[in-house]
Amino acid sequence: MTENDPNAHDPAAPRHPETGQQPAQGGWAGHSYGEQAQPESGGAPQYSEPSYHAVTGADPAYGGQSANPWSAQGAQMPSGQTQQSVYPPPNPYGQPATGGYPVATSPQPKRSGGKLLAGVALVALLVGGVAGGTVGYFTGGSSGPASNALDAPKPAQQTGNAPAGSVEAVAQKLSPSVVELQVSGQQGAGEGSGFVISTDGYILTNNHVVEVAANGGQIQAVFQDGKKAAAKVVGRDPTTDIAVVKVNGVSNLTPVELGRSDDLRVGQSVVAIGSPFELAGTVTSGIVSSLHRPVRAGGSSGDQTTVMDAVQTDAAINPGNSGGPLANMSGQVIGINSAIYSPQSGSGGQGASEGGNVGIGFAIPIDQARRTADTIIKTGQAVQTYIGAEVKDAPQGGAELGAIKPGSPAEKAGLKAGDVVTKIDDRPIDSADTLVAAVRTRAPDEKATFTLADGRTVEVTFGGQPVQPN
């Protein structure tokens, strides 16, 4: 054996106080099970840019080079077809990200005599404590017959309803209304979630969940009790990532209760229900982490037309949760789970996205979803709120207007190319995406005051235009 052989024994190394054995490399203290020692002189881990993922089981319409690893259906793609549940990676916060999250490294255990002796001392103290206790038991005499938890009777069975305002109560109220949507089409297959909004079978979900089945594909809704029913797309809006489907041959369904999202507060508790990784009826809980996050998610291109004004939550959301409800503690739906933040990891920025929950999820506010769904059900087509101006980030902050469409709400209000919008009513506007998100939350014909960088204020009446799904 050589001195570099990790299996070689060092005669000078200290031995275990009871067994007389020498420790394995790293000493008796060692690392916790499942951990690996980090190199002492290695460089910091390398991370690449973050990306946003749809949280459906498969999103083949959004491009990519590999099958979605989060769906069993995705692994069964026909030869030559590919899909990936990944939204394009623009940073929703205005400035490009600089990397991933730092990871603390575990120090390499030393083989010095002092470290090993400390380990020996720890073992000795533990053994001494056990020995002392044992001696005390035998010299003190028996304190009576031994008791055994297995002999104790079962506690009384739980009865009554769950406490009001608890996660359990929310789950009992909402779960019968949440469905798993199994979707297939020429471009692939996948699964997501949705929730019932009418007794006669209308279901609200994400556009990216059902888009693959929009033209001749198939959708199957699976209810909490295991019943299945075929469904068809009623209408969808890629710009807000909202869609409505309707199941056939089913009646007397239990619709959810819709809440409101305009009075949400950061820190309030929420519950998410859906089918992550095809695990139908999964319930998770968390809080509202932030409000009014402009996130480019949904749609087929990830450009400004897909920006949503998201509710951020740390409730666990994973692939398959897309389209499921985010509810307050009264069991009212206040958002539609739609996207997750997933940093990419790997050496030199070449790693694949992790694609799972990291505690940052995004939901479409229910106020916006309610308005879009109502229009789709009544007309079969969504209507998009707009002002009719191109927009880009202003160098000094805010949103700079570009070309103004003739006859548009922007032109009628007197806005000009080069104007920089810094506020809409009381909401600060720090980027182009923030402006787009703020406009999307408003209804056509609603009025708002635009504050410009030069101090002027302009009243704008929002317009509405039909959305043509791609």
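Please refer to the structure higher up on the page.
Residues numbered from 1 in each chain as written. Predicted model: local features only at pLDDT ≥ 70, side-chain atom pairs only at ≥ 80, totals over all residues. Heavy atoms only, no water.

Trainee: Tell me about the overall build of the chain, and name the residues and values.
Mentor: Check the secondary structure of the chain and you find 6 helices and 22 strands. When each of the 470 residues of the chain is scored for burial, the buried share is 42%. If you sum the accessible surface of the chain, you get close to 23900 Å²; carbon and sulfur atoms cover 51% of it. (Helix = DSSP H or I, 4+ residues; strand = E, 2+ residues; numbered from the N terminus. Buried < 20%, exposed > 50% of the residue type's maximum accessible area, 1.4 Å probe, protein only. Areas by Shrake-Rupley, 256 points an atom, 1.4 Å probe, with all protein chains shown as cover.)

Trainee: Provide a residue-level description of the pattern of salt bridges, including the pertinent values.
Mentor: Scanning all chains against the criterion turns up 10 salt bridges. Salt-bridge contacts for Arg456 lead to Asp419; the nearest nitrogen and oxygen are separated by 3.0 Å. Within this pair, whereas Arg456 is found in the loop between β20 (447-452) and β21 (457-461), its partner Asp419 is found in the loop between α5 (409-413) and β18 (420-424), the two being separated by 37 residues in sequence. With its nearest N and O atoms 3.2 Å apart, the salt bridge here joins Arg442 to Glu446. Among the residues examined, Glu446 registers a relative accessible area of 31% and is labelled partly exposed. What you see here is one network of salt bridges that share partners, running through Asp419, Asp454 and Arg456. (Salt bridge = Lys/Arg side-chain N within 4 Å of Asp/Glu carboxyl O.)

Trainee: Tell me about the sheet that holds strand β2 (residues 178-185), and please be specific about residues and values.
Mentor: Note: strands within a sheet are paired through backbone hydrogen bonds, in either parallel or antiparallel orientation. One closed barrel holds the 6 strands; their spatial order is β2-β3-β4-β7-β6-β5, and the pairing between them is antiparallel. If you compare each strand with its neighbour and ignore which way they point, the axes differ by 40 degrees on average. Sheet analysis places β2 next to strand β5 (residues 218-222), joined by 5 bridges and oriented antiparallel. Within β5, the position partnered with Gln182 by the bridge is Gln220. The strands that helix α4 (residues 366-379) touches are β3 (188-196), β4 (202-205), β6 (228-237) and β7 (242-247); relative to β7, the one it contacts most, it runs at about 50 degrees. (Pairing = 2+ DSSP bridges. Axes fitted to C-alpha atoms, helices over the stretch in contact; angles between N-to-C directions. Contact = heavy atoms within 4.5 Å.)

Trainee: Describe helix α2 (residues 167-174), with residues and values.
Mentor: When we look at burial in α2, the residues that qualify are Val170, Ala171 and Leu174. The arc enclosing the buried residues of α2, seen along the axis, measures out at 100 degrees, which places them on a common side. Contacts from the buried residues of α2 go to β2, β9 (269-274), β10 (282-296), β12 (325-327) and β13 (332-342). (Arc of directions from axis to C-beta.)

Trainee: Please give an account of helix α6 (residues 432-440) that cites residues and values.
Mentor: Extensive coverage of α6 is indicated by the burial of 9 of its 9 residues. Taken as a whole, α6 has its buried residues at Ala432, Asp433, Thr434, Leu435, Val436, Ala437, Ala438, Val439 and Arg440.

Trainee: Please give an account of the environment of Thr379 that cites residues and values.
Mentor: Structurally, Thr379 is set in helix α4. Given the relative accessible area of 56%, Thr379 is considered exposed. Along the sequence, Thr379 and Val234 sit 145 residues apart, while their C-alpha atoms lie 9.6 Å from each other. There is a polar contact of 2.7 Å between the side chain of Thr379 and the backbone oxygen of Thr375. Of the polar contacts made by the side chain of Thr379, one reaches the backbone oxygen of Gln381; its length is 2.8 Å. (Polar contact = N/O pair within 3.5 Å; in protein donor to acceptor, adjacent residues only side chain to side chain.)

Trainee: Give a detailed account of unusual backbone geometry, specifying residues and quantitative values.
Mentor: Look at Asn252: it is not a glycine, yet its phi comes out positive at around 55 degrees. Even without glycine at this site, Glu278 takes up a positive phi of about 70 degrees. By secondary structure assignment, the location of Glu278 is in the loop between β9 and β10. A relative accessible area of 28% places Glu278 in the partly exposed class.

Trainee: Lay out the nonpolar core in plain terms, naming residues and giving numbers.
Mentor: Ranked by internal contacts, the top residues of the largest apolar core, which has 28 residues, are Leu174, Phe195, Leu204, Met308, Ile336, Phe362 and Ile366. Apart from the residues within four sequence positions on either side, Ile336 is in contact with Phe195, Leu204, Asn206, Gly323, Gly324, Phe362, Ala363, Ile364, Ile366 and Ala369. Counting 22 residues, the second largest nonpolar core, distinct from the first, contains Val391, Leu435, Val439 and Phe450. (Core = buried A, V, L, I, M, F, W, Y, C linked by side-chain atoms within 4.5 Å.)

Trainee: I'd like a rundown of the pairing of β3, residues and numbers included.
Mentor: β3 sits mainly inside the fold: 9 of its 9 residues count as buried. Here β3 shows a buried face lined by Gly188, Gly190, Gly192, Gly194 and Val196 and a second buried face lined by Ala189, Glu191, Ser193 and Phe195. As consecutive antiparallel partners, β2 and β3 are separated by 2 residues. Direction of pairing for β3 relative to β4: antiparallel, over a ladder of 2 bridges. The residue bridging Val196 from the neighbouring strand is Ile203, located in β4.

Trainee: Would you mind going over the side chain of Gln368 in detail, with residue names and values included?
Mentor: Topologically, Gln368 is positioned in helix α4. What makes Gln368 buried here is its relative accessible area of 3%. Those residues in contact with Gln368 that sit more than four places away from it in its chain are Thr240, Ile242, Arg440 and Thr441.

Trainee: Go over the environment of Gly331, please, and point to the residues and values.
Mentor: Within the secondary structure, Gly331 is located in the loop between β12 and β13. Judged by relative accessible area, Gly331 falls into the buried class, the value being 0%. Once residues within four sequence positions are removed from consideration, Gly331 is found in contact with Val170, Lys173, Leu174 and Glu257.

Trainee: Before we move on, can you summarise the packing of aromatic side chains with the specific residues and values?
Mentor: With the rule as written, the count across this model stands at 1 aromatic pair. On the numbers, 6.2 Å between centres and 50 degrees between planes, the contact of Phe450 with Phe462 is tilted. Taken together, the positions of Phe450 in strand β20 and Phe462 in the loop between β21 and β22 (463-466) put the pair 12 residues apart, joining distant regions of the chain. Relative accessible area serves as the criterion here: at 1%, Phe462 is assigned to the buried category. The ring of Tyr202 has Lys246 sitting right over it, with the charged end atom 5.4 Å from the ring centre. (Phe/Tyr/Trp six-rings, centres within 6.5 Å; stacked < 30°, edge-to-face > 60°. Lys NZ or Arg CZ within 6 Å of the ring centre and 35° of its normal.)

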